[in-house]
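Residues per chain are reported as follows:
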Amino acid sequence: MKNLVIVDLSPINKEKLAQYSAKAAATLIPFNGQFIAKGPIEILSGKAPYSMKAVIEFPDRKSAQDWYNSAAYQSIIPLREEGMDSQFHLV
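Residues numbered from 1 in each chain as written. Predicted model: local features only at pLDDT ≥ 70, side-chain atom pairs only at ≥ 80, totals over all residues. Heavy atoms only, no water.

**Let's talk about the overall build of the chain**
Secondary structure summary: the chain contains 4 helices and 4 strands in total. Ordered by position in the sequence, the α and β elements of the chain form the string β-α-β-β-α-α-α-β. Based on the C-alpha atoms only, the size of the chain along its principal axes is roughly 35 × 30 × 15 Å. The buried share of the chain, reckoned over its 91 residues, is 36%. Look at the contacts in the chain between residues 6 or more apart in sequence, and 74% of them connect residues 24 or more apart. Of the roughly 5,700 Å² of accessible surface on the chain, a fraction of 56% belongs to carbon and sulfur atoms. Treating the 10 positive side-chain charges of the chain as one cloud and the 9 negative ones as another, the clouds have centres 1 Å apart. (Helix = DSSP H or I, 4+ residues; strand = E, 2+ residues; numbered from the N terminus. Buried < 20%, exposed > 50% of the residue type's maximum accessible area, 1.4 Å probe, protein only. Contact = heavy atoms within 4.5 Å. Areas by Shrake-Rupley, 256 points an atom, 1.4 Å probe, with all protein chains shown as cover. Lys, Arg positive; Asp, Glu negative; His and termini not counted. Charge placed at Lys NZ, Arg CZ, Asp CG, Glu CD.)

Given below as structure tokens:
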């Protein structure tokens, strides 16, 4: 079964976020991950603490976990923290 990493985020530094995004996309390739949606959200019901969302698809849960825990991805987390306030969820 395919698994998704759902990222809720609000930019805090657009330049740092752009740098992070470019690097993050490259880290997905070895794990067969791909963005299937990203951008500002439209609230249909309730309140949302974050202004944007990204959805990343992986072929399975292990691939998603291995991507997140990879040295390549872990090395850009400090840049992520400078660029956005976020939560990551694996479904």
